[in-house]
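# An overview of the molecular structure
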Amino acid sequence: MEMTYYDHGTPAERWERAQMFFGAKDYAAAARVLGGLVEEVPEQTGPRLLLARAYYHSAQLRRAESELRVIVERDPVEHYARLMLGRTLQRQGRHEEAESHMRIASALAGDFEQV
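Anyway, here's the lowdown on the structure attached to this text. A quick note: this is a predicted structure, and the numbers were derived from the prediction, not measured. (Residues numbered from 1 in each chain as written. Predicted model: local features only at pLDDT ≥ 70, side-chain atom pairs only at ≥ 80, totals over all residues. Heavy atoms only, no water.)

Turning our eyes to something else, we now look at helix H1 (residues 11-23). Compared with an ideal rise of 1.5 Å per residue, which puts 13 residues at 18 Å, H1 spans 18 Å between its outermost C-alpha atoms and is within 8% of the ideal. Buried residues of H1: Arg14, Arg17, Ala18, Phe21 and Phe22, and no others. Down the axis of H1, the smallest arc covering the buried residues is 135°, so these residues share one side. Those residues of H1 that are exposed and angled more than 90 degrees off the buried face are Glu16 and Gly23. Note on H1: the residue one or two positions beyond its end, Lys25, has a positive phi of about 65°. (Helix = DSSP H or I, 4+ residues; strand = E, 2+ residues; numbered from the N terminus. Expected span 1.5 Å × (residues − 1). Buried < 20%, exposed > 50% of the residue type's maximum accessible area, 1.4 Å probe, protein only. Arc of directions from axis to C-beta.)

Before going further, it helps to spend a moment on the packing of aromatic side chains. The full count for this structure, using the stated rule, is one aromatic pair. When the centroid spacing of 5.0 Å and the interplanar angle of 70° are considered together, the rings of Phe22 and Tyr27 count as edge-to-face. Summarising the burial analysis for this pair, Phe22 and Tyr27 share the class buried. Lying over the aromatic face of Tyr56, Arg91 brings its terminal NZ or CZ to 4.6 Å of the ring centre. (Phe/Tyr/Trp six-rings, centres within 6.5 Å; stacked < 30°, edge-to-face > 60°. Lys NZ or Arg CZ within 6 Å of the ring centre and 35° of its normal.)

Positive phi values are uncommon outside glycine, yet Lys25 reaches one of about 65°. For Lys25, the location among the structural elements is in the loop between H1 and helix H2 (27-40). Positive phi, close to 60°, is recorded for Ala59, a residue that is not glycine. Here Ala59 shows up in the loop between helix H3 (45-57) and helix H4 (61-74).

What follows is about the pattern of salt bridges. Following the criterion strictly, the structure yields eight salt bridges and no others. The partner of Arg62 in a salt bridge is Glu65, with the nearest N and O atoms 3.9 Å apart. With a gap of three residues between them, Arg62 and Glu65 both fall in helix H4, about one helical turn apart. Taking relative accessible area as the criterion, Arg62 reaches 58% and is therefore assigned exposed. With relative accessibility at 8%, the residue Glu65 sits in the buried group. Residues Arg103 and Glu99 are paired through a salt bridge, measuring 3.0 Å at the closest nitrogen-oxygen approach. Residue Arg103 and its partner Glu99 are located together in helix H6 (residues 95-109), separated by four residues, close to a single helical turn. If you follow the salt bridges from partner to partner, you end up with Arg62, Glu65, Arg69, Arg94 and Glu97 in one network. (Salt bridge = Lys/Arg side-chain N within 4 Å of Asp/Glu carboxyl O.)

Don't take any of this as a statement about function, it's just geometry.
Here you go:
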């Protein structure tokens, strides 16, 4: 397998490179770096969540949804992943499905409606 710029370096160097691309709003490049990193360290939430965000911002909504579902399945109280999953579903026009994730995210954040 040929190594590319996106694959080069230690996991820590690739994490920094992915964050740099994400910060520069080059979401496709960030996703290329993060895809390999997530394969290498699938148990870590940080790279997978940033990958989901990169997919979301580059309108790769099905991919974002897939990554977010992995996070939520592993950690049902991961507030930000719930929120992002709800927003991802909303952008796909799946409002009814998004509603439960948005409610759970609000509850986890302590945003309760006044009754």
